[in-house]
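Descriptive analysis of the structure
Listed below, chain by chain, are the residues.
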Amino acid sequence: MSPLLVALLRILAALGLMLFNGVILIWMLRRVLGHLHLRYGPIHNGWQGLLQTPYDVLKLLTKEDVTPSAVDRILFALAPAVVFTPSLLAYAALPFSGTWKITALDTGLLFTFAALSIVPIGILMAGWASANKWSLLGGMRSAAQQIAYEVPLLLSVLPIVMFAGTMNLGTIVEAQSGTWLGFIPRWNILFPGFWPTFVLFWIAGLVELNATPFDMSEAESELVAGFASEYSAMKFGLLFLSEFSNQFVISALGVTLFFGGWMLPWVPVELVAPFAPFIFMFKVYLGIFVIMWIRGTFPRVRIDQLMQVGWKWLIPINLAWIIVFGTVWKLFTLGQGVS
Amino acid sequence: MIDARNIILETGSLAAEGTYNPGRPPASIKRTPSGVDGLTTEHLIINMGPQHPSTHGVLRLVIEVDGEEIVAAETSLGYLHRGIEKLAESRRYEQLGTLMDRGDYVSGIHGEQAVALAVERMLEIEVPAKARYIRTLMAEITRIASHLVWFGTFGLDTGAMGQFLYAVRDREVLLDILETVSGQRMMFNYVRPGGVVADLPVGIDAMIRSFCDGFDGYLEEHHDLLGGNEIFQHRVKGVGAIPRDTALAFGLTGANLRATGIGFDVRRDRPYDAYPELEFDVPVGTIGDAWDRYMVRMEEMRQALRMIRQCLDGMPEGEHTARVPKVLRVPEGEIYAATESSRGETGVHIIADGSVNPARFHYRSGSLYACQVLEEILPGHLLADAVMIVGSLDIMLGEVDR
Amino acid sequence: MLPDATAVSSALAAASVNAEIEQTGPGLVARISAAENLTALEALRDSALDFRMLADMFGTDTGEQIEITYHLRSLTRDEEMYVRLLVPYDGELHSVWNVYPAALLPEREAAELLGFVLAGHPNPHRLFTTEGIAPLLRKSVPVRTAEEVRNR
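Okay, so let's go over this structure. As the structure is a prediction and not an experimental result, all values here were calculated from the model.

1. Focus: the overall build of chain B
A tally of regular secondary structure across chain B gives 14 helices and twelve strands. The proportion of buried residues among the 402 residues of chain B is 63%. Here the analysis covers contacts within chain B between residues at least 6 apart in sequence; of these, 74% occur between residues at least 24 apart. For chain B, the exposed surface amounts to about 13,100 Å²; the carbon and sulfur share of it is 51%.

Here it is in structure tokens:
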């Protein structure tokens, strides 16, 4: 097949995955929150609550798209696209198995973060264009929060890059095959040196996702729907979808960097290969379940408290940890005679 | 265990220190352009409400913000004004309870009690012991129900949605109890001058006891989930602190006043119904911030539970109401009677002129004064804090607007 | 619970306020003139009687005039009293907010629902009803009968 056709099919596959993910996550969110919060309705819509998703999707598709007259029309229409497209881009470097990936980028990790960092622009556009003071506040908060936590997010994964020697996500996953001492899988999460890394990545990731406890930009009880207040129907659907797909991406990154990607512990790579995508998806959805669990339990942090933690605590801790880890790792490799 | 760090369980002290001397009125809303190095900025004037997920009822707060910091705030009321005081002048004394039900609709029994007490004192009716105990029992059950609403919505304001639904789950049991006793989940019309409408039904004792036994554990769980959460504590500690003299000068009552350290509780200091015979503590805070108000109300729920058990254990035999004429005609006179409602002092001032309708019926509610104090304490806080402060003051618009 | 009548009258006299003390109705009532409300309330608050809390403030339509009642409370001495004054219809009453800021909203409510003018108040605008609504608590303003509501 011509490379162009293959590329096109891969892009369509990514789009399909994104939509499929959105559908699954609507159901999962309703179900998880339903059980956590004793909300009985969504759990009983159809068998296991599966009808909830069609209800939600149909509702969004058939709603009237209301555009308030005072909005900045171009920005208002463009903002959901600017929020949605980078989320789609971020799927490019994720390794679903040894051979299943949209593309094998040598700078995959950097590319994914770079794609995700375009999202705050879209949110700011949405907040500004909405001609609504509450949306403006939501957009401003979101921009401040996400820009502030880009740096800790990037810094937190540097030790892994040092350890694996590459930013290629596929290579990082393959480096986690095998075992230490014969019985401990080489997953990065099980290496004590990466525990601070994981915690820092987790916190920064949650902030980037605009997920509770860091969802000030869409704080339901303060700003109605924050930056998305004035959006209805499919524009809102796009914003919604991109939020779900961001959750998928961050969870997938976490799985790839720390939990061995598509691999199973102690099972050789060749046996796993046919099931690899399913294992990967299972792990990713487990991660998303934890995100939703946290969302359903914790109250919200205040924006200024969040900014203080980000700038005054997370960045210095990240930098310090990189120095410590880098020094120890360099000494270790020198001692091993491996450069 | 509920952290008793800031709770002083006192049985005395009505003292307050200092005198509040405002040098200026609460800041009024105005657009003020301000300049910094040639860059002009303007304060944003935002409307919080009347439709807003966090103002409890149709409260409209006009807030002037500088970025995220509140510079001035103004409460705009009247969205729920139904003219209760005017309507009361064409109602008979037996019907006034229904109007009070619709004031503070979450804790209707307290309002009905206030009216009943006022009429009984004017007519010098002696309420039989059993009726007094039943009224106290219902009042404390309503107090827990109301505090659960406050607790749930307070958690909802912070973004913790689960706590709201857990609180509602417990409140459903209480509403079932209230429905079994009075026939209604909300507008009870149960407490009347002279006693209560009907005796307690058979089996209610077991129902209430089973709730009490479960609720001890649930209350700890609620407190763990919300108050024990460090994010919540950071949102709430030090926020919205009301100094004692300010609280007194603004006429605050109830948990809002007790959180500042002034231990005035109508149940203990102007006792009515069965309260003189019950043993309970009155929790008092120290600095009057949102955390203190939270702790005081959580402890009040525990004390209410204690009182419910005492009422059940000590329920006397007797009539559920005194012999009261069908149509009450109150001779010329005037009285003020107050009860400790979940929101403060709910008082009723009736001026009677000898006919079957009151000449003047004034409804003194605790939430009106809480609305006033908002204008005083909001400036200087962040916008997110405004939500927490409004939530912690437990304002119910029904009794503010009447 | 009832304050000492002589203490009250001497506190008021010290501020040169003409007051009539009576012990009827709801308790101890001090009747003063509308012009002296600020001085009287200030005197009562700062005196040894320590009435530092305004528990309630409301107005009544007596048929000829408006009778304003201030309900004062002293928590340190556990006493309560009332201060009453008369204001003519559409007359003027000076706000007591800088003695008792608790009066801010109740004064607006009374002024709006009974129809008098509030002076010296930082925000003397309508509180509960919209423009054009008559002062509802006046006896002359009727409550609509069911007939009128049906045929609205």
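2. Here we look at the pairing of strand β6 (residues 69-76) of chain B
All names here are of chain B. Where strand β5 (residues 60-66) and β6 come together, seven bridges link them in antiparallel fashion. Following the sheet pairing, leucine 61 is matched in β6 by threonine 75. What sits between β5 and β6 in their antiparallel hairpin is a turn of two residues, with glycine 67 showing a positive phi close to 75 degrees.

3. So, a nonpolar patch on the surface
On the surface, a cluster of nonpolar side chains totalling about 470 Å² of accessible area is made up of Leu5(A), Leu8(A), Leu9(A), Ile11(A) and Leu12(A). Its place among the elements puts Leu9(A) in helix α1 (residues 3-36).

4. Looking at the interface of chain C and chain B
The interface of chain C with chain B comprises 43 residues on the first partner and 49 residues on the second. The contact between chain C and chain B buries some 3,800 Å² in all, and 58% of this surface belongs to carbon and sulfur atoms. By the criterion of area lost to chain B, the three top residues of chain C are Arg52(C), Leu75(C) and Phe128(C), representing 18% of everything that side buries. There are six salt bridges connecting chain C and chain B. Here Glu80(C) ties to Arg270(B) by a salt bridge, and the two come within 2.9 Å at their closest N and O atoms. Counting every contact that joins chain C to chain B gives 17 residue pairs in polar contact (both at pLDDT 80 or more). Elements with a minimum of two residues in the side of chain C that touches chain B: β3 (53-61), β4 (66-74), β5 (79-87) and α3 (104-114) of chain C. Residue contributions to the side of chain C that touches chain B peak at eight residues, all from β3(C). For the side of chain C that touches chain B, the class distribution of residues is 25 nonpolar, eight polar and ten charged.

5. Focus on the state of the cysteines
All names here are of chain B. Summed over all chains, the structure comprises zero disulfides over all chains. You can see cysteine 212 has no disulfide; the closest cysteine sulfur is in cysteine 311, sitting 10 Å from it. Cysteine 212 gets classed as buried once you look at its relative accessible area, which sits at 1%.

6. Things to note about the sheet that holds strand β4 (residues 44-48) of chain B
Residues and elements named next belong to chain B. Taking strand neighbours across the sheet as the criterion, the three strands line up as β4-β5-β6 in an open arrangement whose pairing is antiparallel. The sheet is open, and its two edges are formed by β4 and β6, each paired on a single side. This sheet shows a mean twist of 25 degrees between the axes of neighbouring strands, independent of strand direction.

7. Digging into α3(C)
Residue and element names in this part refer to chain C. In terms of burial, α3 is largely enclosed, as eleven of its eleven residues are buried. Turning to α3, its buried residues number three or more, namely Leu104, Leu105, Pro106, Glu107, Arg108, Glu109, Ala110, Ala111, Glu112, Leu113 and Leu114. Once α3 finishes, glycine 115 follows within two positions and takes phi at roughly 80 degrees, a positive value.

8. Thoughts on the sheet that holds β3(C)
Residue and element names in this part refer to chain C. Strand order in this open sheet of five strands is β1-β2-β5-β4-β3, and the pairing throughout is mixed. Edge positions in the open sheet fall to β1 (20-24) and β3, since each of these has one partner strand only. If you compare each strand with its neighbour and ignore which way they point, the axes differ by 25 degrees on average. As defined by bridge partners, β3 adjoins β4 across eight bridges and the pair is classed as antiparallel. The residue bridging methionine 57 from the neighbouring strand is tyrosine 70, located in β4. Along the sheet, helix α1 (residues 5-14) makes contact with β1, β2 (27-31) and β5, crossing β1 at roughly 155 degrees.

9. As for the arrangement of the chains
Most contacts, compared over the two pairs of chains touching, are made between chains B and C. Regarding chain A and chain C, the two do not touch, and the least distance separating their C-alpha atoms is 25 Å.

10. Observations regarding the interface of chain B and chain A
Tallying the contact residues gives 33 residues for chain B and 24 residues for chain A. Both sides of the chain B and chain A interface together cover about 2,500 Å² of buried area, and 61% of this is carbon and sulfur. Considering only the side of chain B, the residues that lose the most area to chain A are Glu68(B), Met161(B) and Ile231(B), jointly responsible for 21% of the buried surface there. Applying the counting rule to chain B against chain A returns one salt bridge. Only β4, α4 (129-158), α5 (161-182), α7 (230-236) and α13 (383-393) of chain B provide two or more residues apiece to the side of chain B that touches chain A. It is α5(B) that contributes the most residues to the side of chain B that touches chain A, six residues altogether. Residues of the side of chain B that touches chain A, tallied by class, amount to 18 nonpolar, ten polar and five charged.

11. Describing the side chain of Arg108(C)
On the secondary structure map, Arg108(C) appears in helix α3. Of the side chains bearing the opposite charge, Glu375(B) lies closest to the buried Arg108(C), which forms no salt bridge; the N-O distance is 5.2 Å. The residues touching Arg108(C), leaving out its near neighbours within four places in the chain, are Leu118(C), His121(C), Asn123(C), His125(C), Arg126(C) and Leu127(C).

12. Topic: the packing of α4(B) against helix α11 (residues 290-313) of chain B
A pair of packed helices is characterised by two quantities: the angle between their axes and the separation of those axes. All names here are of chain B. α11 packs onto α4 with a crossing angle of 150 degrees between their chain directions and a minimal axis gap of 9 Å. Judged by the angle between their axes, α4 and α11 are roughly antiparallel. The interaxial crossing formed by α4 with α11 has left-handed handedness. Facing α4, whose interface residues are Tyr133, Thr136, Leu137, Glu140, Ile141, Arg143, Ile144, His147, Leu148, Trp150, Phe151 and Phe154, α11 presents Arg293, Tyr294, Arg297, Met298, Glu300, Met301, Ala304, Leu305, Met307, Ile308, Cys311 and Leu312.

What counts, and at which threshold
Counting restarts for each chain, with residues numbered from 1 along the sequence as it is written. Each chain gets a letter, beginning with A, and each ligand a number, beginning with 1, in the order they are written. In keeping with the model being predicted, local features are shown solely for residues with a pLDDT of at least 70 and side-chain atom pairs are shown and tallied solely at 80 or more, while totals for entire chains, interfaces and linings include all residues. The side-chain values count all of the structure's non-hydrogen atoms but skip hydrogen atoms and water molecules. A helix here means a DSSP run of H or I that spans at least four residues, while a strand means a run of E at least two residues long, and both kinds are numbered starting from the N terminus. Note on classification: 1.4 Å probe, protein chains only; a residue is buried when its accessible area is under 20% of the maximum for its type, exposed when over 50%, partly exposed between these limits. Contacts are assigned to residue pairs that have any heavy atoms within 4.5 Å of one another. Only the protein chains shown count as covering a residue, and every accessible area follows the Shrake-Rupley method with a 1.4 Å probe. We call two strands paired when DSSP finds no fewer than two bridges between them. Patch construction takes residues with relative accessible area above 30% that form no salt bridge. Like charges are linked within 9 Å, and nonpolar side chains (Val, Leu, Ile, Met, Phe, Trp, Tyr) are linked within 5 Å. One speaks of a salt bridge when a side-chain nitrogen belonging to Lys or Arg is within 4 Å of a carboxyl oxygen belonging to Asp or Glu. Buried area is a sum: the accessible area each of two parts loses on coming together, probed at 1.4 Å, counted once for each and added. Polar contacts, as counted here, are pairs of nitrogen or oxygen atoms within 3.5 Å of one another; within protein the pair requires one atom able to donate a hydrogen and one able to accept it, and residues that are adjacent in sequence qualify only if both atoms are side-chain atoms. Residues are sorted three ways: Asp, Glu, Lys and Arg are charged, Ala, Val, Leu, Ile, Met, Phe, Trp, Tyr, Cys and Pro are nonpolar, and all the rest, Gly among them, are polar. A pair of sulfur atoms, both from cysteines and within 2.5 Å, is called a disulfide here. Axis definition: a line fit to C-alpha positions, over the contact stretch in the case of helices; interaxial angles, taken between N-to-C directions, run 0 to 180 degrees. Note that His is not counted, nor are the chain ends; the positive residues are Lys and Arg, and the negative ones are Asp and Glu. The labels follow the angle: roughly parallel below 35 degrees, roughly antiparallel above 145, roughly perpendicular from 65 to 115, and oblique for the rest. By convention, the crossing between two helices is left-handed when the near helix turns anticlockwise from the far helix through less than a right angle, and right-handed when the turn is clockwise.

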